[in-house]
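Spelled out, the chains give:
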Amino acid sequence: MDVKLRWGQISHPGNVRSRNEDALVAGPSIFAVADGMGGHDAGDVASAMTIETLSSLAATELDRSALLDAVRSANRAVTAEGARLANGMGTTLTGLAVTSENGRAVDVVVFNVGDSRTYALHHGRLERLTHDHSVVQELVDAGRLSADEAERHPDRNVITRSLGAEPSVEIDWVARKPRQGDRYLVCSDGLTKEVAENELAAVLAQVPEPQVAADLLLAAALQSGGRDNVTAIVVDVVAVTEPAVRTGLDDDTAPRETEPSPLDDDTLPRFARPRVGSVAATVGDKGDGDGGEGSEGE
Ligand code: MN
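Read on for a plain summary of the structure. (Residues numbered from 1 in each chain as written. Predicted model: local features only at pLDDT ≥ 70, side-chain atom pairs only at ≥ 80, totals over all residues. Heavy atoms only, no water.)

**Description of the sheet that holds strand β1 (residues 2-12)**
Consider a sheet: its strands pair through backbone hydrogen bonds, and that pairing is either parallel or antiparallel. Basically, it comes down to this: For two strands to pair, DSSP has to find at least two bridges joining them. Segments assigned H or I by DSSP are reported as helices when at least four residues long, segments assigned E as strands when at least two residues long, and all are numbered from the N terminus. Only the contacting stretch of a helix is used when fitting its axis, a line to C-alpha atoms as for every element, and angles between N-to-C directions run 0 to 180 degrees. Between two residues, a contact is recorded if the distance between any of their heavy atoms is within 4.5 Å.
Taken in spatial order, the five strands of this open sheet run β1-β11-β10-β7-β8, and their pairing is antiparallel. Looking at the sheet topology across the chains shown, the edges are occupied by β1 and β8 (125-128). Sheet twist, expressed as the mean angle between neighbouring strand axes with direction ignored, is 20°. Here strand β7 (residues 117-122) pairs with β8 via four bridges, running antiparallel. Counted as the bridge partner of L121 is L126 from β8. The sheet strands contacting helix α6 (residues 197-206) are β7, β8, β10 (183-187) and β11 (230-241), and the helix crosses β7 at an angle near 50°.

Right under this line is the structure:
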């Protein structure tokens, strides 16, 4: 299938901090946010190194294992650089990639390490696709803290998983079908700690243009304090289509479609088969049969 995306992105230091240690890559096939941390201004090095590694893949055909390999490679690079500089730097990473095979889109793979988040707005409902790797999330999971209490907890900024902490890293991922009309939000905690999820959902559901939505999300975060760096990427799945032409044959065989040679009888059924009929079924698919999910280390 072919997947057409449209997106907008914004990153801002916020109202209090002088540096922006968040970094992002947006498009054409990878959208990711890294939120760096570490002493002696090292956080922006960690997030920039990680985003640089992912950016190098953004224009290439990418399958899930290549994506996860790139995240592991970024982790090794940040860990090595942190050891060299002895500054304990690290970074979160979350986002999505449209994976492909033979030039055709396959899945939307959402990945996460840390407490930056990726959401999907599907039929107007906002769904958090990532699970925070944080002390407060673990307390919530254990039933010892409510979601509201977690927002005010003194350890609310302590994360339990990051890139740069160890030479190997466990990466959470989930594969979803690309669905026309779905909207994704990839963001740092500088947005989600300032703006409640129902407010995120309202902006995402009401503002058609992705760049305007990203700008309004930033404005909301700044208005409620802007105490951290704020980064948001809004990605719309504008169209999901099956290609009208058959796949798997070279362009130079195209003339046979109008003038089939008697010697090439075996190619005829391909032309006779109605290919267009499958488009509506794919686009209108409302099944929740996603491609899978996992958690992979090395
Ligand atoms: Mn942050």
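That covers the picture; the talk isn't over yet.
**What to know about the coordination of the manganese ion**
Threshold: Note on donors: an N, O or S atom is included if it sits within 2.8 Å of the metal, or within 3.2 Å for Na, K and Ca, and water is never included, so sites can look incomplete. Exposed residues in this analysis have more than 50% of their type's maximum accessible area, buried residues have under 20%, and partly exposed residues fall in between, with area computed by a 1.4 Å probe over protein chains only.
Summarising the metal site, the manganese ion is bound by the protein donors D35 (OD), D189 (OD) and D228 (OD), whose distances to it range over 2.1 to 2.2 Å. Read in sequence order, the donor residues for the manganese ion give the motif D-x153-D-x38-D. Residue D35 is found in strand β3 (residues 30-37), and its partner D189 is found in helix α5 (residues 189-192); the two are separated by 154 residues along the sequence. The same class applies to D35 and to D189, which are both buried.

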